[in-house]
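# A structural walkthrough
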Amino acid sequence: MQNFLFFIDRVSSWIGQAFSWLIVALTFLISWEVFARYALNRPNPWAFDLMIMMYGAAFMMAGAYTLAKNGHVRGDVLYSFFPPRLQAGLDLLLYVVFFIPGVVALVWAGYAYAAESLAINEHSTLTANGPPLYPFKMVIPVSGVLLLLQGLVEIVRCVLCLRDGAWPSREPDVEEVDVGKLKEMVHADGTGEAT
C-alpha cells in the first residue's frame with residue numbers, strides 16, 4: 001500500500017516539478033518583452049496573453065504537487081496541537097465534505113469549458129491575433145484529475161492514521177533552510193565564527 005501511495009506522490013511531484021520550469025521560461029519571456037518594448041521599441045502583442053497562460057498553467061499543475069508535499073496553507077494554530085488521530089479525522093471529514101465535491105466540480109466544469117473552447121477553436125481576444133486558448137483551458141480538467149488522484153491518496157493516509165495512530169511516511173522533499181540547523185551543521189557558536 002505504501003508503495004502505491006509513494007508512486008502517486010512521485011507522479012504528482014514529477015508533474016509539479018516539470019511545470020515549475022514554466023516559471024523560468026516566464027521569467028525569460030517577461031525579460032525579453034521588457035527589453036523588446038523599451039530598448040527596441042517593438043512590443044509583442046501576444047506576450048501578455050502567453051504570460052498569463054504560462055503562469056496559470058504552472059499554478060494549476062502545482063496543486064497536486066503541493067498536496068503531495070503537505071504544503072497547502074491550513075490553520076495550524078490549534079490543529080498542530082491535536083493528536084494524529086484527531087488530525088486525521090478532521091482531515092478526512094474535510095476531504096469528503098469539501099475537497100472531493102469541489103475538485104469533482106472543477107473537473108466537470110473544466111472539461112466542459114475546455115471542450116467548448118476546442119470546438120470553437122477559441123483564441124484570445126485581448127489582441128488582434130491572440131494565441132489559442134484551448135490548450136490552456138485543457139490544463140484545468142487535467143490538473144483537477146491529478147489533484148483528485150492525490151486527494152484520494154491523502155484520504156487513504158487519513159484512514160491509515162486513524163487505524164495506526166500515526167501518520168504514514170511521505171516521500172522526502174527539499175527542506176527549507178532552518179538557521180538553527182545550519183549553524184549546527186557548520187558548528188557555529190553564535191559569535192559568527194566556526195568552532
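Structure report, in brief.

Conventions used here
Residues numbered from 1 in each chain as written. Predicted model: local features only at pLDDT ≥ 70, side-chain atom pairs only at ≥ 80, totals over all residues. Heavy atoms only, no water. Core = buried A, V, L, I, M, F, W, Y, C linked by side-chain atoms within 4.5 Å. Buried < 20%, exposed > 50% of the residue type's maximum accessible area, 1.4 Å probe, protein only. Helix = DSSP H or I, 4+ residues; strand = E, 2+ residues; numbered from the N terminus. Contact = heavy atoms within 4.5 Å. Bend = angle between axes of the 7 residues up to and from the residue. Patch = residues over 30% accessible without salt bridge, like charges linked within 9 Å, V, L, I, M, F, W, Y side chains within 5 Å. Areas by Shrake-Rupley, 256 points an atom, 1.4 Å probe, with all protein chains shown as cover. Salt bridge = Lys/Arg side-chain N within 4 Å of Asp/Glu carboxyl O.

### Considerations on the nonpolar core
As a rule of thumb, soluble globular proteins bury nonpolar side chains together. Residues Leu 67, Ala 88, Tyr 95, Phe 99, Val 103, Val 107, Leu 147, Ile 155, Cys 158 and Cys 161 constitute the largest nonpolar core, which totals 10 residues. Put simply, the parts of the chain that give this core at least two residues each are helix H5 (84–119) and helix H6 (134–164). It is H5 that provides the largest number of residues to this core, a total of 5 residues. In this view, Val 107 contacts Pro 141, Gly 144 and Val 145; residues no more than four positions away in its chain are not counted. Ala 57, Met 61, Ala 64 and Leu 146 belong to the second largest nonpolar core, which has 6 residues in total.

### Notes on H5
The sharpest bend along H5 measures roughly 45 degrees and falls at Tyr 95. Within H5 the residues assigned to the buried category are Gln 87, Ala 88, Asp 91, Tyr 95, Phe 99, Val 103, Val 107, Gly 110, Ala 114 and Ser 117. Of the residues one or two after H5, Asn 121 is the one with positive phi, at around 55 degrees.

### As for a nonpolar patch on the surface
Side chains of Leu 93, Leu 94, Val 96, Val 97 and Phe 98 sit close together on the surface and give an oily, nonpolar patch of about 490 Å² of accessible area. Relative to the helices and strands, Val 97 is located in helix H5. By relative accessible area, which is 45% here, Val 97 ends up partly exposed.

Any functional reading would require information that these geometric values do not contain.
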